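Listed here are the chains, written in short residue letters.
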Amino acid sequence: MSTLTSSPAATTLASHNPADGSLVGEVPVTPTASIADVVARSRAAGPAWRALSFEERLALIAPAGPTLVARAAELGDLLTREMGKPLAEGTGEVEYCGSSLEKKLAEIAAALAPESFEDDATTSTVHYDPFGVCAAITPWNFPLAMPHSLVIPALVAGNTVILKPSEETPLIAQAYADILNETLPADVLQVVHGADDQGKALVAADIDLIAFTGSREVGCKILTNAGGDLKRVILELGGKDPMIVLDDADLEAAARFAVRNSFRNAGQVCVSTERIYVDERVASQFEDAVLRLTAEQKQGDGREEGVTVGPMISERQRDHVLQQLATARTQGATVAAGGDHHGNFITPTVVTNVDHDMDIMREETFGPVACIMRFAGDEEAVRLANDTPFGLGACVFGGDRDRAGRVARQLTAGMVGINKGCGGASGTPWVGAQQSGYGYHSGTAGHRQFAQPRVLSAEK
Ligand code: NAD
C-alpha cells in the first residue's frame, strides 16, 4: 500500500504494509520535471556501456546474483512487509532471481551473439545492437522478479536502463537497483519513483525502448503514447487464465492445482487460474475437493508461520474484487466458500453457477477467487476457454495425455500447461497472446526484443 504525500519542499512516497497499514519506509518521489535530466544522464552513460564486450558487461552485472542470495532472508522480509505475500514466497523470489542470474546472463549473451548467414552470392552477419535508453516500468505483484525480468536483458543487450517500479513497492525495487549499482558504472541503471505521472513522463521522454509489465489498460495507454514517434515497446499484460478439467483427470491433483493457482499471492498473479471449466460428469467430485482444500488455507500476515494467503495489496484492489463478487451474486452466482473480508484480507473464495455474462468470468479479478463452471464435452470446454480477449496462460488437466494435448493445442493462450501450470521449460519465452501481450520476453526470441538487429552483408 502506498501513499503519495506532497509538501512544498518535497514529495514523498510512503510504503505501508498491506497486512496492518504500518509504515515500512519512504522514498523521495522523482519530480516529473527532472525526468528529462534522468534520461539525459542515461543517454550520456550509453556509449561507454555499449562499447564494453558482452563478457565485460556480464562481469559487472553478475555479482548481484550472489548478493541477492546472501541477503535473501532480509530482502524477503522487506518484500513481504511491503507487498504482503507469505515470507517463504518473498524469500524464494529473491533467492530465485539471485541463484539463476549466472545462467540467465549466459542465455541472454548467447541469444545476442552475432549470427552468420550465407547464400550463393552473399555473406551476412546479424548483429544485435542496443536500442539506447530503455524504460522498464513494472508492477507490484512480483516486486523484485518483475524488474529483474526486464532490467537484466536490457542491460546485457547494452541499453542503459531507467526503472520505474510500482508506487506500491518502491522499497524492494530500490534495494534491488542498489545491489546492481554496487558494480555497475554510474547512471547505467537509474530509478524513477512515483505513480502514473512519472510513468507517463518517462514514456513521453527521449527514450528508445519501453519494456512494460502491468495491466492491459495501462499497456494500451503506453502503446498509444509511444506510437507518435514509433518508440519500441514490449508489453506483458494481464490475463484471465482458464483451466480445463477433463472427465479422466486426476481430480485430486487438479483440485490441488486449482486451489494453489487461484489463491497463490492472494490471486494477484498474472497467470492465476481465474476460470475453471470442469466436465459435468466429474464436477461435483471436483468441486468437493476444491472446497475441502480451500478450507485448509491459512490466511494472515505473510510473516506468520504457515500462512498461505496474505492480504490484497491495497484497498483499491480489495474493493475491485469485492465489487466483482457482489455483482456476480446479484447475477445468480453462488459463493460456495469465503466471499467475506476484514481489512485488506479477502477470504479464499469459491464461486459456482457462473456464466460468461458475468464480469467475474470476463474481466481480470486479481484476487483469491476460484470460479468454477461446468461444461459438456471437450468442444464446449475449448469454446468457453477461448471466449476471452485475453490470452496469457491456460492449462488442461486430463488422464489421456494425447487427448489433453489436442485440447491444449486449440487454446488461444500464449502458454498452455498440460497437468501443470503454464510456465515452459527454461529457454522458452514468457509470452501473452491476444490482448495479454505485445512483444514478449525470455527465451532466445524474447531476449532479442531488447536489441535492434542490424545486418551487415558483403559479396562472396
Ligand atoms: P498497472 O498497469 O496499474 O501499473 C504498472 C506500472 O505502470 C506501475 O509502475 C504504474 O505506476 C505504471 N503506470 C501507470 N499508469 C501509467 C501510464 N499511463 N504510463 C506509464 N506508466 C504507467 O499494473 P499493476 O496494478 O501494478 O499490476 C497488476 C497488473 O499487472 C495485472 O493486470 C497483472 O496481470 C499484470 N501483470 C502481468 C504480468 C505478465 O507477465 N504478463 C506479470 C505481472 C503482472
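Computed from a prediction, not measured in an experiment: that's the story for all the values here.

Rules and cut-offs
Residues numbered from 1 in each chain as written. Predicted model: local features only at pLDDT ≥ 70, side-chain atom pairs only at ≥ 80, totals over all residues. Heavy atoms only, no water. Phe/Tyr/Trp six-rings, centres within 6.5 Å; stacked < 30°, edge-to-face > 60°. Helix = DSSP H or I, 4+ residues; strand = E, 2+ residues; numbered from the N terminus. Buried < 20%, exposed > 50% of the residue type's maximum accessible area, 1.4 Å probe, protein only. Contact = heavy atoms within 4.5 Å. Expected span 1.5 Å × (residues − 1). Arc of directions from axis to C-beta.

1. Notes on the packing of aromatic side chains
- Applying the stated criterion across every chain yields a total of 2 aromatic pairs.
- Aromatic side chains W140 and F366 sit 5.6 Å apart centroid to centroid with 75° between the ring planes, which places their arrangement in the edge-to-face category. One end of the pair, W140, is in the loop between β6 (133–137) and α7 (145–156); the other, F366, is in the loop between β16 (349–352) and β17 (369–375), and 226 residues separate them in sequence. Comparing W140 with F366, the two get one shared label, buried.
- Taking the centre distance of 5.1 Å and the plane angle of 40° together, the rings of F257 and F397 count as tilted. Of the two residues, F257 is situated in helix α11 (residues 251–263) and F397 in strand β18 (residues 393–397); the sequence distance between them amounts to 140 residues. F397 matches F257 in its accessibility class, with the two residues each being buried.

2. As for the environment of A109
- Following the sequence through the fold, A109 ends up in helix α6 (residues 101–111).
- A sequence separation of 338 residues divides A109 from H447, and the C-alpha atoms of the two residues are 8.8 Å apart.
- Those residues in contact with A109 that sit more than four places away from it in its chain are F54, L58 and V156.

3. Brief notes about helix α10 (residues 216–227)
- The terminal C-alpha atoms of α10 lie 16 Å apart, and with 12 residues this matches the ideal 16 Å at 1.5 Å per residue to within 8%.
- All of the buried residues in α10 are R216, G219, I222 and A226. Viewed end-on, α10 has its buried residues packed into an arc of 115°, placing them on one side of the element. Across from the buried face of α10, at angles greater than 90 degrees, the exposed residues are K221 and T224.

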